[in-house]
Amino acid sequence: MAIEGLNHFTVLTEDLDASVEFYQSVLGLTPGWRPPFAFPGAWLYCGTLPVLHLIAGRGAPDGQGIIDHVAFNAADLRETISILKSRGVGYTLRRQPGTGEWQVFCHDPSGARVELDFSSAEPPPEGG
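Residues numbered from 1 in each chain as written. Predicted model: local features only at pLDDT ≥ 70, side-chain atom pairs only at ≥ 80, totals over all residues. Heavy atoms only, no water.

K.L.:
Could you give an account of the side chain of E115, with specific residues and numbers?
P.N.:
Structurally, E115 can be placed in strand β8 (residues 113-118). With no salt bridge to any partner, buried E115 finds its closest opposite charge in R94, at an N-O distance of 6.1 Å. Here the side chain of E115 touches Q103 through a polar contact of 3.1 Å, side chain to side chain. (Helix = DSSP H or I, 4+ residues; strand = E, 2+ residues; numbered from the N terminus. Buried < 20%, exposed > 50% of the residue type's maximum accessible area, 1.4 Å probe, protein only. Lys, Arg positive; Asp, Glu negative; His and termini not counted. Salt bridge = Lys/Arg side-chain N within 4 Å of Asp/Glu carboxyl O. Polar contact = N/O pair within 3.5 Å; in protein donor to acceptor, adjacent residues only side chain to side chain.)

K.L.:
Quick rundown of the packing of aromatic side chains? Include the residues and the values.
P.N.:
Per the stated rule, a full pass over the model turns up 4 aromatic pairs. Considering the side-chain rings of F22 and Y23, the 5.1 Å spacing of their centres and the 85° angle between planes classify their relative orientation as edge-to-face. Residue classification places F22 among the partly exposed positions, given a relative accessible area of 39%. Taking relative accessible area as the criterion, Y23 reaches 17% and is therefore assigned buried. With 6.0 Å between their ring centres and 90° between their planes, W33 and W43 make a pair best called edge-to-face. (Phe/Tyr/Trp six-rings, centres within 6.5 Å; stacked < 30°, edge-to-face > 60°.)

Just distances and angles here, no functional claims.
Dropping the structure here:
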């Protein structure tokens, strides 16, 4: 597997409107398209890239801050799943609604959640 670049980071917020306003007016990010997720949130863009994902109403999990996870663009979904399995790293695999992009979620040894995003054109891993 090859990491191809940082995809986005996700911040948990209790006040979605205030967070959007801050990142828009203070940092110059712009709200844009977001897949039809079943939970409230917003995607904020730097140019054409949705670099910040806001999720509303979840609150921070115990022992964690408001940074929910970091996401990387990646390649070779099948090899990645094989590596995770061979090292005993638990993961969740799903497809993003609306785009079909493959998403793999796992945790690093310190408990930080990591998302790996793969092209929707990649074949599914062996065994589905």
